[in-house]
Amino acid sequence: MSYQTTSLSTVNSSINNYNGNVTNVIPINQLAGSDLALNLIYNTSSVLLNEDFKIAKGWKLNYDEYVAKEIIDDIIYYKYVGGTGTIHYFYEKTLENKEKVWIDEDGLGLSLDIEKNNDGTIEKFVIISKTGIKSTYLKENNYCLSRIDYVDNSYVQLVRDASNRIISVKDEKDNIISISYTSNEIQFTSDSETTSITIENNLIKTIHLNIGDISINYNTNDIITKIIDVTGISLSYEYYDGIPYRLKKITNIGLNDEIGKFKTFEYHFNSTTVTDNKNNKMRYTFNNLGNTIGTVLLSKDGTLKNSFGFSDQYVDELKLPESNKPFATSVPIKYIEETETIEYGKENLMPNGDFESDETNIFTSYGNEITNETSYTGSHSIKLNSGS
């Protein structure tokens, strides 16, 4: 995946170029001299907006993770919702020695261990990163994150209440961040600071930090339209109509409501064009698994022959997990006239890359044809057939 990022002093906003989801990260409490920290995470994913993470609609903590079984096309997968709200899937793979292992299909180097009781029920899941970090998800917590063990023997331990809400986070040095809940407020307390959030109608409206308040506005779909930072500077968000509410535009707004930098997003089949306030256009193309396989800075006239870009190549995208492992990145290529050469000494290989010539017919080359056959691609796509 690839992202656009925009930050304020206390807010980091990332936009997924492929699906238009917005993820906002706001630090809410951190212990001085310790890596132990709590962040509030907001994700506009239509799936996560309806998840109940016991904070507020669309919001979660960075330690709100879980593992759950999911059956897709009669195949068993295990869904993993990570700290930022990103959803990953594990699938079962048989190794050459006949051993069966659960591997993440995104090629992140994660593996899933499943530990069962004598009666066959699952006692816990353990996710192991390629660097050896182990995250444990216990049955008693509905397979939500319970503990993280690092390779240096440090750890983070989570305690949950009867409603499965996190009520404390502790590290190996007994540093603790405690969390208390009321109907309209959540408070976070550590030795370093006490912070809180105000909730109205299941939406976070104000985040109270020691350095000031952050205010948040929503639209009628309960999706964030504006975040006003402690400095008074803000980010505004506009979305396309209809689920999945992809981001249309993000704008920086100054203290006197002056319009600052902005980016707009146009989504097409397996490609997205991002345009900034200076009319610079960046086009991203993706394979069927959402990996960015091409990035082009379009010329001002919008033609490929005057544009500049590079590409990533992936192993056969129909195989998992290798499909998400890039094995080659090309040198940058500037699309110019055929008679010219670029600084890398490569001749232009796309003299008519814009398909502007009347003689060019992209639909008849190589025997391509257009049919009305129903098909679907991607590891979790749904095939739809029209009824009679």
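That block above? That's the structure.
Residues numbered from 1 in each chain as written. Predicted model: local features only at pLDDT ≥ 70, side-chain atom pairs only at ≥ 80, totals over all residues. Heavy atoms only, no water.

Here the focus is the sheet that holds strand β4 (residues 37-43). Neighbouring strands of a sheet are bound in pairs by backbone hydrogen bonds; such pairs are parallel or else antiparallel. Ordered in space as β1-β2-β3-β4-β5, the 5 strands form an open sheet in which the pairing is antiparallel. Among the strands making up the open sheet, the edge pair consists of β1 (3-7) and β5 (59-61). Across the sheet, the mean angle separating the axes of adjacent strands is 25° when strand polarity is ignored. Here 3 bridges tie β4 to β5, and the two strands are oriented antiparallel to one another. Along β5, the bridge assignment pairs Leu 40 with Leu 61. (Pairing = 2+ DSSP bridges. Helix = DSSP H or I, 4+ residues; strand = E, 2+ residues; numbered from the N terminus. Axes fitted to C-alpha atoms, helices over the stretch in contact; angles between N-to-C directions.)

Let's shift gears to the side chain of Thr 44. Within the secondary structure layout, Thr 44 lies in the loop between β4 and β5. From its side chain, Thr 44 meets the backbone nitrogen of Val 22 in a polar contact 2.8 Å long. Setting aside chain neighbours within four positions, we find Thr 44 in contact with Gly 20, Asn 21, Val 22, Leu 49, Ile 223, Tyr 239 and Pro 244. (Polar contact = N/O pair within 3.5 Å; in protein donor to acceptor, adjacent residues only side chain to side chain. Contact = heavy atoms within 4.5 Å.)

Okay, the packing of aromatic side chains next. Applying the stated rule across the entire model yields 11 aromatic pairs. Measuring from ring centre to ring centre gives 5.0 Å for Tyr 18 and Phe 286, while their planes differ by 70°; the resulting arrangement is edge-to-face. Residue Tyr 18 is located in the loop between β2 (12-16) and β3 (22-30), and its partner Phe 286 is located in strand β26 (residues 281-286); the two are separated by 268 residues in the primary sequence. Between Phe 265 and Tyr 267 the ring centres are 6.4 Å apart and the planes differ by 10°, which places this aromatic pair in the stacked class. Across the pair, exposure class does not vary: Phe 265 and Tyr 267 are buried alike. Every member of this aromatic cluster is reached through a ring pair, and the members are Tyr 78, Trp 102, Phe 125 and Tyr 143. (Phe/Tyr/Trp six-rings, centres within 6.5 Å; stacked < 30°, edge-to-face > 60°. Buried < 20%, exposed > 50% of the residue type's maximum accessible area, 1.4 Å probe, protein only.)

This part is about the pattern of salt bridges. Once their charged atoms are close, side chains differing in charge can pair, the charge on each being opposite to the other. One pass over the structure, following the stated rule, counts 9 salt bridges. The salt bridge partner of Lys 170 is Asp 174, with a shortest N-O separation of 3.8 Å. (Salt bridge = Lys/Arg side-chain N within 4 Å of Asp/Glu carboxyl O.)

With 5 bridges connecting them, strand β25 (residues 271-276) and β26 associate as antiparallel partners. If you follow Thr 273 over to β26, its bridge partner there is Arg 283. Two strands pair when backbone bridges link them, and β26 and strand β27 (residues 292-298) are joined in this way by 6 bridges, in the antiparallel orientation. By the bridge assignment, Lys 281 is partnered in β27 with Leu 298.

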